[in-house]
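Read off the chains here:
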Amino acid sequence: MKTTVVSSVVKMSADAPLSVRDITVAYHRKPVLWNVTLDVPGASMVGLVGPNGAGKSTLLKAIVGMVPRISGEVRIFGKEYHHHRSAVAYVPQRESVDWDFPATALDVVMMGTYGQLGWFGRVTKKERQAAHEALRQMEIEHLAERQISQLSGGQQQRTFLARALVQQADLYLMDEPFAAVDAATENAIVNIMRTLQSAGKTIVVVHHDLHTAREYFDRIVLLNTRLIAAGKTADVFTDENLQKTYGGKLTLLEEVGDAMRRRDRSNSP
Amino acid sequence: MNFVAVTLEFIAGQTAAVPLIPRSWAWRVLTLSDYNTRVVLYGTTLLGIAAGLLGVYMLLRKRALLGDAISHATLPGVAATYLWSVSAGYEKSLALLLIGAAISGGLGGLTVLALRHVAKLREDAALGIVLSVFFGAGVALVGIVQQDSGGNAAGLEGFIYGKAAAMTAEDAWLSGGAALLVMLIVWAIGKELQILCFDSELARSQGLPVLLLDTLLIALVVGVTIVGLQAVGLILVIALLVIPAAAARFWSDSLKQILVVSACIGGASCSIGTLTSATFAKLPSGATIVLVACGGFAVSLVFGSARGIVWQGLRHRRMRDQQDFQHFLRFAYEYLESQNNAGPFIKPGSVPIALSHLIHSRTWSAHRVLAVGQQLQKLDMVVMRPDDCIELTKRGWLAARRIVREHRLLEMYLLRETDVDLGQADRDADYLEHGLMPEHLMDLDEAMRAESLFDVPASPHPLLPETVASDLPSRVLPEQGKTA
Amino acid sequence: MSAELSWEIDGWIILAGALCAMSAALLGNFLVLRRQSLLGDAISHAVLPGLAAAFLLTGQRQGWVMFLGAASVGVLTVLLTELARQFGRVDESASIGVVFTFLFALGLVMIVQAADSVDLDPGCVLYGSIETSMIRKMPLFGLSIPRVVVTLGTTLTINSLFVAAFYRMLKVSTFDPQLARAQGVPVNFLHYALAGLVAVTSVASFESVGNILVVAMFVVPPVAAWLLTDRLKVMIVLSLVIGVLSAVLGHLAAINVPIWFGYRSTSTAGMMAVASGGLLFFCVLFAPRKGLLSQLLRQWEVSLRILGEDVLATLYRAEVAGQNAVRLVGLVRSLLVTKLWARIVIEFLQLRRLVSRESDGLRLTTAGRSRAQNIVRSHRLWEHYLASEAGMSNEVLHDGAERLEHFTDRQMRERLLVESNAPSTDPHGRPIPPEA
């Protein structure tokens, strides 16, 4: 075989923070993720890299059970996701919510504590303090009482990050936290990720920029519908792998996906 | 036609019963000494509160009009239950009719969900279909009811337009119960509903049963609708779910406050509307309540403290004034600078600046320049002279120096950090400087390593000379040889 | 038992209903595609104060003043909605809700205030009474035609002229308002004109068939038509047909259905709405491509075909391994399907003469063998491609190829061959059979 790095079926201990086996996801029969298998070791910072429409966000959503999988399974510290929800903090894309919602930055961060509070739990001083602390870590404590629609893009992203921090999770899944933020915010986010990592947490980040990916992450997952490569950043970032990820050599797979859908249609009068 | 007369009589009905309102009657209404009035008032007010609370969540969940489909869908239930109870020989019972209404209303709500998620139709189409088809079925059934039982069936008409005056103590208890239930639920799972409305993805990833919560909201809407049928009728009950919530949004940016305000607007419109309709002749209760609520909406739209038009306009204006002040002062300073007089403070009145320079330097009307000058004079920054010139006061000079300094720092920062050219940097800085906050300035200082807080760096681009300024429309032309 | 139809009355009623349905459905196509289905509902409620005002001014229930009043309120509805949306940043559907309930309540109060002098009945506006409206006739072309039919006929003509004249502009501004604006299409004018015509249509219908029928006809036939086709022109035509069908079925139902339950006939307008709902339900279930049933059938068909091909491939592999016939039990075990499914599939394959059933089990026919050979060829080519080009690990290769093989034709096999440098064996070392 030509390839040097195949998929990362490295045997991990049973309680790896995140272990994904053979996940396949399709929208309208068009495959978005194809047999992706992935293990993420503890205390690592993983960049999920690939072109647009490569299924990066879908992979995160499939992990937290927000999109139905056709096949495959996910283990969080060796258990099913719904047994281990509190261990995972998921940060959706910033555009996924309505920032005109009547809430302050503090309100949004406080929502992160609701999971632990459970049904009927009340917000107490403790949660409030935790939220303030998270805002402080993101260096936006002075904006706590500001209406979220009046925050800049970077500040909104920091608010989202603070909300994840307050969840006190062990595994952080972040969907494009660097999208359209200013340089200072990007730095702040990277710093907080490093802090989390040194505290033994694991972070998986959907990321667009190849140049910074090399610098930010110690592990990289290259994704383009299928898993192209996964492993240590230096090992994964080979020209060959990048060519495979971005080079569009796999157009045949696209075509067969189209054929599947066409066949679907032509069957009906 | 028979039912035409019946309907009219019905709509006018509750007030036609008191053709000429005796003074004592109005007095009794207003002082609530009348038992019936009290019952109706409590009933509608509690209903308004419940609908106001619930409406906020429906609005934030972007399902404001779901209640409209549900309320229209109650009609076939009412009519079918009526037909059934007559044929089965039961007495006409309000409770039975309301149960029928709840069932078909709930069915309507579920049909909307099914059309959305199973048949993949869009929300607006699903709502329109359920609303009209269910209501059509209701009309067909009411048609049958009408031929049989003439006057007795007129009770059904009450559900369409509402008949608050006919509320009984039982109904008031019912709306009280509904209001209490909604309040209890909002109190108990308010934070779950908040996540659901703000970020349903987070809700799902935290394991909240999104579908169940949505169904709960629909069930509550059905409940409020059922109670509202009596008071405002099924066509206008949606108003109670939408208007207070939409109005409350103008007053606050905090969910808790919005809930309180919305409940207040809902309760107040219902009580004021009920009292008004009971006091004056020929005011149908449902329509009156809705009109009062609309009045509340209009007031909120205009005067709301968070998003009201007036407040927004004022803020916008203040910002524009601020910008004009800054530009005015900056130009004055730059003019003095070009005269080599900017250095240490110059004596007030020592160097006059012709207003015509200012007019030409920016695309301002003479009127606007005069207005800004006068406002600055009030702030003791500028002295207007009778010869169409101005002078900077000490205060004005200090402010101008600070503004110029910020502008130039920003300009230089932009030049250094981005690829913009000189002209662009000037325009960008023009635009950005008004949004600078103290924390930004400190960052800027640090970034630019400015030596002293009071040092004004030289402009990175040449400034327009006095001689040229008067004949130039704007200061696009960089110029040489001047400054001497 | 069924009631007797008289053409003199029922014919006119059906005609009026059909004209109304067509006028509304014609405009409704654009409302539905613009995601403004509820505008029809909102405007038809909101015209009430316009009617009342026109009536109070002129004291008449007919005439152009009425239409003018209604049309201006229709435009006003859209205008107010836009204002609340832009200046108040109110969510669109909420602002519709605020505006139309306000106008409706205002209309109610106006009518009740003038109840003594006015013979205008909101109940009538809501449900109409198509039956009684037939009484008033007017002479036209030497015939005595019900006034309502003339009014509705005129409305339909106006609406058709509007749609015909602005068809392309409506199309582009519905599909992509930004692009339309850039091309100089008067998007706002079209929007307000549409709203005005919606209001006129509601008013024209209010005394004959009532608001409810119009609201139903604005939404239901276009949505049903949308389920049946993807093309705008076809959709418009189908929505008109469905509108007419609803009128006919609705009237027949109004006359007949209550009699089955021992009542007299009921309101035609309501029943027309129900009939259109019934037609829509039918389309949701049975529409050729977007219908639920056809989706289900298509899924079954695809899984049947895939399973059939899997059976062929299994038989082929067994044959290569030297086993001439395979028993059903073996197939069930290796393909992980239920016995029932396996039987159905084998019947299907026998029918197409790809497999024959012998005493010792199932065998491939000659035709079956070449089909099977190509399937196995596709499978192994894909395995090779996925391993070498997509970098998939060996243990997941099979599953990936298993799915892809069913959608691979000869042309694609050839491209696979080229792109993976014409391999002779798959990654597991098994030979890739030649094209059959």
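The paragraphs below set out a description of the structure included in this document. (Residues numbered from 1 in each chain as written. Chains lettered and ligands numbered in written order. Predicted model: local features only at pLDDT ≥ 70, side-chain atom pairs only at ≥ 80, totals over all residues. Heavy atoms only, no water.)

1. Remarks on the overall build of chain B
Along its length, chain B carries 20 helices and three strands. Of all intrachain contacts in chain B linking residues separated by at least 6 positions in sequence, the fraction that spans at least 24 positions is 73%. If you sum the accessible surface of chain B, you get close to 20,500 Å²; carbon and sulfur atoms cover 64% of it. (Helix = DSSP H or I, 4+ residues; strand = E, 2+ residues; numbered from the N terminus. Contact = heavy atoms within 4.5 Å. Areas by Shrake-Rupley, 256 points an atom, 1.4 Å probe, with all protein chains shown as cover.)

2. Considering the packing of helix H11 (residues 237-248) of chain B against helix H13 (residues 285-303) of chain B
All names here are of chain B. The geometry of H11 relative to H13 is characterised by a closest axis approach of 8 Å and an angle of 20° between their N-to-C directions. Relative to H13, the element H11 is oriented roughly parallel. The handedness of the crossing between H11 and H13 is left-handed. Taking contact as the criterion, the partners of Ala239, Leu240, Ile243, Ala246 and Ala247 in H11 are, on H13, Ile289, Val290, Ala293, Cys294, Gly296, Phe297 and Ser300. (Axes fitted to C-alpha atoms, helices over the stretch in contact; angles between N-to-C directions. Parallel < 35°, antiparallel > 145°, perpendicular 65-115°, else oblique. Left-handed = near helix turned anticlockwise from the far one by under 90°.)

3. Things to note about the sheet that holds strand E2 (residues 382-384) of chain B
Residue and element names in this part refer to chain B. As summarised here, the arrangement of the three strands in space is E1-E3-E2, forming an open sheet in which the pairing is antiparallel. Since the sheet does not close on itself, it has two edges, and those belong to strand E1 (353-354) and E2, each with one partner. Relative to strand E3 (residues 389-392), E2 is paired through three bridges, and the arrangement is antiparallel. Looking across to E3, one finds that Val383 is bridged to Glu391. Strands E1, E2 and E3 of the sheet are contacted by helix H14 (residues 309-338), whose axis makes an angle of about 85° with E3. (Pairing = 2+ DSSP bridges.)

4. With respect to the side chain of A:Glu127
Mapped onto the secondary structure, A:Glu127 falls in helix H3 (residues 125-137). It is A:Lys126 that comes nearest to the buried, bridge-free A:Glu127 among opposite-charge side chains, at 4.1 Å. (Buried < 20%, exposed > 50% of the residue type's maximum accessible area, 1.4 Å probe, protein only. Lys, Arg positive; Asp, Glu negative; His and termini not counted. Salt bridge = Lys/Arg side-chain N within 4 Å of Asp/Glu carboxyl O.)

5. Structural notes on the environment of B:Glu391
Along the chain, B:Glu391 falls in strand E3. The spatial distance from the C-alpha of B:Glu391 to the C-alpha of B:Met381 is 8.7 Å, given a sequence separation of ten residues.

6. Description of the sheet that holds strand E9 (residues 226-232) of chain A
All names here are of chain A. Pairing is mixed across the open sheet formed by six strands, whose spatial order is E5-E6-E7-E3-E8-E9. Strand pairing shows two members of the sheet lacking a second neighbour, strand E5 (88-91) and E9, which therefore form its edges. The average angle at which neighbouring strand axes cross in this sheet is 15°, direction not considered. Note: strand E6 (residues 171-174) against strand E7 (residues 202-207), four bridges, orientation parallel. In the strand pairing of E7, Met174 is matched with Val205.

7. Thoughts on the interface of chain C and chain B
Listed per partner, the contact involves 61 residues of chain C and 61 residues of chain B. Across the interface of chain C and chain B, roughly 5,200 Å² is buried in total on both sides, 73% from carbon and sulfur atoms. Across the contact surface, chain C and chain B share zero salt bridges. At the boundary of chain C and chain B, one finds three residue pairs in polar contact (both at pLDDT 80 or more). Sort the elements by how many residues they give to the side of chain C that touches chain B and helix H4 (residues 92-113) of chain C lands first, with 15 residues. Here the side of chain C that touches chain B is built from residues that sort into 37 nonpolar, 17 polar and seven charged. (Buried area = accessible area lost by both parts, 1.4 Å probe. Polar contact = N/O pair within 3.5 Å; in protein donor to acceptor, adjacent residues only side chain to side chain. Nonpolar A, V, L, I, M, F, W, Y, C, P; charged D, E, K, R; others polar.)

8. Some remarks on the pattern of salt bridges
Tallied over the full model, the rule gives 22 salt bridges over all chains. Here B:Asp214 and B:Arg61 are joined by a salt bridge, their closest N and O atoms 2.9 Å apart. Taken together, the residues B:Asp214 in helix H10 (residues 210-231) and B:Arg61 in the loop between helix H3 (35-60) and helix H4 (66-87) connect sequence positions 153 residues apart. Of the two residues, B:Asp214 and B:Arg61, both sit in the buried class. Linked by salt bridges that have partners in common, A:Glu73, A:Arg75 and A:Glu80 make up one network.

9. Some points on unusual backbone geometry
Residues and elements named next belong to chain A. Phi at Phe77 is positive, roughly 50°, even though this residue is not glycine. Within the secondary structure layout, Phe77 lies in the loop between strand E4 (71-76) and E5. Residue class for Phe77 comes out partly exposed when judged on its relative accessible area of 24%. The residue Glu139 is not glycine, and still its phi comes out positive at about 60°.

10. Focus on the packing of helix H11 (residues 210-228) of chain C against helix H12 (residues 232-260) of chain C
Residue and element names in this part refer to chain C. The N-to-C vectors of H11 and H12 enclose an angle of 125°; their axes lie 8 Å apart at closest approach. Accordingly, the angle class assigned to the pair H11 and H12 is oblique. Along this stretch, H11 crosses H12, giving a crossing that reads as right-handed. In this structure, H11 contributes Met217, Pro221, Pro222, Ala224, Ala225, Trp226 and Leu228 to the contact, and H12 contributes Met235, Leu238, Ser239, Ile242, Gly243 and Ser246. Counted by class, the contact of H11 with H12 contains ten nonpolar, three polar and no charged residues.

11. Here's the deal with the environment of A:Val49
All names here are of chain A. In this fold, Val49 is placed in strand E3 (residues 45-49). Residues Val49 and Val206, spaced 157 residues apart in sequence, show a C-alpha to C-alpha distance of 6.4 Å. Ignoring any residue separated from it by four or fewer positions in sequence, one finds Val49 in contact with Lys56, His207, Leu210, Ala213, Ile220, Val221, Leu222, Leu223, Thr245 and Tyr246.

12. Observations concerning the packing of aromatic side chains
For any two aromatic rings, the description comes down to two numbers: the centre-to-centre distance and the angle of the planes. For the coordinates displayed, the defined rule picks out ten aromatic pairs over all chains. When the centroid spacing of 6.1 Å and the interplanar angle of 85° are considered together, the rings of A:Tyr216 and A:Phe217 count as edge-to-face. Here A:Tyr216 matches A:Phe217 in class, with each residue buried. On the basis of an interplanar angle of 55° and a centroid distance of 4.9 Å, the ring pair of C:Phe282 and C:Phe286 is categorised as tilted. Taken together, the residues span about one helical turn, with C:Phe282 and C:Phe286 both in helix H13 (residues 268-286) at a distance of four residues. For C:Phe286, a relative accessible area of 43% translates into the label partly exposed. For B:Lys191, the ring lying beneath its charged end belongs to A:Tyr114, and the centroid distance is 5.8 Å. The lysine or arginine in question, C:Lys290, covers the ring of C:Trp226, its NZ or CZ lying 3.9 Å from the ring centre. (Phe/Tyr/Trp six-rings, centres within 6.5 Å; stacked < 30°, edge-to-face > 60°. Lys NZ or Arg CZ within 6 Å of the ring centre and 35° of its normal.)

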